[in-house]
Amino acid sequence: MLMSGTELARAIVQRAAEKAADYTRRTGAKPCLATVIVGEDPASVTYVRMKQNRCHKAGIESRHVALPERTTTEELVAQIRELSDDPAVHGILLQHPVPHHIDERAAFEAIAPHKDVDGVTMHSFAGMSFGHNDFLSCTPGGIMRLLDAHDVEIAGKHAVVIGRSPILGKPAAMLLLARDATVTICHSKTVGLADVVRTADIVVAAVGKPRFVQGDWIKPGAVVVDAGYNEGNVGDVDFDAAVDHAGLITPVPGGVGPTTIAVLLEQTVDASLRQLDA
Ligand code: NAP
């Protein structure tokens, strides 16, 4: 069975748009997401443009800050602090990855916690780890919504997360743990990865390598969530092989991707309403 994210994302965005309209009725202004990009990586430019378009359709203003490749960490941090201090900006998204010479962590930490609608700060990570969520990392948040929308039982299940990046693998593992899964986090130094994955009831693939997870790694009936998105619209799971083993599996595209953007929009609107009521 396919775990499609398209319909689910549409429903989340629809609710966010209604709440955005409510914000506009109350204030005469729109919720505002600031997107910051450094350099001109074509994939990042496309992602940011896609996010801006979705904002526009949902009644959310997007303010775009494009900085040149040569931007220093200090300059980026200063720019993000400015947005953090600007009362007209409700959410801030720094497009990952930034150029190698920049300290990405320092830049993320310049985002005020109450504007961290992409869930990338240490404050948000602590919230996800301790079960006091303000904002979720958007992709892991979208994954949890997908699992819930398909009534996947999480408590007591063995979830194997492949990948430990701060924006995806680690927070996904924390959210699954908070829901009482027994979680194993795998990474590039994991020994015997295939055998670990074979014990999983839920597999989350967040590796960044096309068709990396093989069909015969999947326990019959397991739930397979493919967060990967690689060149040529290909995920991190060998879908054609895995589909014969999995009980539920996300397609790529049309699985995790749409829910990620939907959670971003939802959290932006929630941030604007919280800041209004603060
Ligand atoms: P990342 O920062 O490059 O992290 C990749 C992770 O995979 C690392 O933890 C790495 O381990 C691990 N890894 C690499 N090779 C491995 C191997 N041979 N065996 C086991 N683990 C291995 O990537 P990311 O930002 O988390 O993104 C992962 C994927 O998700 C990419 O395809 C990306 O395009 C996609 N993505 C999708 C969305 C969406 O909206 N759908 C959003 C973000 C990312 P080490 O830590 O040991 O290096």
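Residues numbered from 1 in each chain as written. Predicted model: local features only at pLDDT ≥ 70, side-chain atom pairs only at ≥ 80, totals over all residues. Heavy atoms only, no water.

**Here we look at the packing of helix H1 (residues 6–27) against helix H10 (residues 256–277)**
Any two packed helices are characterised by how steeply their axes cross, that is the angle between the axes, and by the distance between the axes.
Then comes step 1: In contact at an axis separation of 9 Å, H1 and H10 are set at 20° when each is read in the N-to-C sense. As judged from the angle between their axes, H1 and H10 are roughly parallel. Crossing angle aside, the handedness with which H1 passes H10 is left-handed. When H1 is examined against H10, the residues Thr6, Leu8, Ala9, Ile12, Val13, Ala16, Lys19, Ala20, Asp22, Tyr23, Arg26 and Thr27 are found in contact with a partner set consisting of Pro258, Thr259, Ala262, Leu265, Glu266, Val269, Asp270, Ser272, Leu273, Leu276 and Asp277.
Then comes step 2: Partitioning the contact of H1 with H10 into residue classes produces 13 nonpolar, 4 polar and 6 charged. (Axes fitted to C-alpha atoms, helices over the stretch in contact; angles between N-to-C directions. Helix = DSSP H or I, 4+ residues; strand = E, 2+ residues; numbered from the N terminus. Parallel < 35°, antiparallel > 145°, perpendicular 65-115°, else oblique. Left-handed = near helix turned anticlockwise from the far one by under 90°. Contact = heavy atoms within 4.5 Å. Nonpolar A, V, L, I, M, F, W, Y, C, P; charged D, E, K, R; others polar.)

**Quick look at the pairing of strand E7 (residues 223–226)**
Then comes step 1: Because side chains alternate across E7, one face comprises the buried residues Val223 and Val225, and the other comprises Val224 and Asp226, equally buried.
Then comes step 2: Bridge count between E7 and strand E8 (residues 248–249): 2 bridges; the pairing is parallel. Within E8, the residue paired with valine 223 across the bridge is leucine 248. (Buried < 20%, exposed > 50% of the residue type's maximum accessible area, 1.4 Å probe, protein only. Pairing = 2+ DSSP bridges.)

**Describing the UniProt feature "domain: Tetrahydrofolate dehydrogenase/cyclohydrolase catalytic" (unreviewed entry) in the protein chain**
Then comes step 1: According to UniProt, the "domain: Tetrahydrofolate dehydrogenase/cyclohydrolase catalytic" (unreviewed entry) feature falls on residues 3–118.
Then comes step 2: For residues 3–118, the helix share is 49%, the strand share is 16%, and the end-to-end C-alpha distance is 23 Å. (UniProt positions renumbered as here; feature names shortened; annotations may be inferred.)

**Details of the sheet that holds strand E1 (residues 32–38)**
Then comes step 1: Pairing is parallel in the open sheet, where 3 strands are placed in the order E2-E1-E3. Looking along the sheet, the strands with just one partner apiece sit at the ends: strand E2 (61–67) and strand E3 (91–94). Geometrically, the sheet is characterised by an average inter-axis angle of 20° between neighbouring strands, direction not taken into account.
Then comes step 2: For E1 and E3, the ladder comprises 4 bridges, and the chain directions are parallel. From the neighbouring strand, alanine 34 faces E3, where its bridge partner is isoleucine 92.
Then comes step 3: Across the face of the sheet, helix H2 (residues 42–57) comes into contact with E1, E2 and E3 while running at roughly 170° to E1.

**Description of the environment of histidine 114**
Then comes step 1: Tracing the sequence through the fold places histidine 114 in the loop between helix H4 (104–109) and helix H5 (122–130).
Then comes step 2: Separated by 157 residues in the primary sequence, histidine 114 and alanine 271 place their C-alpha atoms 6.9 Å from one another.
Then comes step 3: Here histidine 114 is in contact with His90, Phe135, Ala271 and Gln275, once residues within four sequence places are set aside.

**Focus: the UniProt feature "binding site: NADP(+)" (unreviewed entry) in the protein chain**
Then comes step 1: As recorded in UniProt, the sites labelled "binding site: NADP(+)" (unreviewed entry) are Gly163, Arg164 and Ser165.
Then comes step 2: Mapped onto the secondary structure, glycine 163 falls in the loop between strand E4 (158–162) and helix H7 (169–178).
Then comes step 3: For glycine 163, a relative accessible area of 12% corresponds to the buried category.
Then comes step 4: If we skip the residues at most four places from it in the chain, glycine 163 touches Gly169, Lys170, Ile185, Cys186 and Ala206.
Then comes step 5: Structurally, arginine 164 is set in the loop between E4 and H7.
Then comes step 6: Not counting the four nearest positions on each side in its chain, arginine 164 is found in contact with Gly169, Lys170, Ile185, Cys186, His187 and Lys189.

**Thoughts on the nonpolar core**
As a rule of thumb, soluble globular proteins bury nonpolar side chains together.
Then comes step 1: Formed by 28 residues in total, the largest nonpolar core has its most connected members in Ile143, Leu147, Leu176, Val223 and Val225.
Then comes step 2: Mapped by element, the contributors of at least two residues to this core are H1, helix H6 (138–149), E4, H7, strand E6 (202–205), E7 and H10.
Then comes step 3: When residues no more than four places from it in sequence are discounted, the contact partners of leucine 147 are Met3, Val152, Ile154, Leu176, Val223 and Val225.
Then comes step 4: Among the nonpolar cores identified, the runner-up in size contains 20 residues, and Leu83, Leu94, Phe108 and Ala110 belong to it. (Core = buried A, V, L, I, M, F, W, Y, C linked by side-chain atoms within 4.5 Å.)

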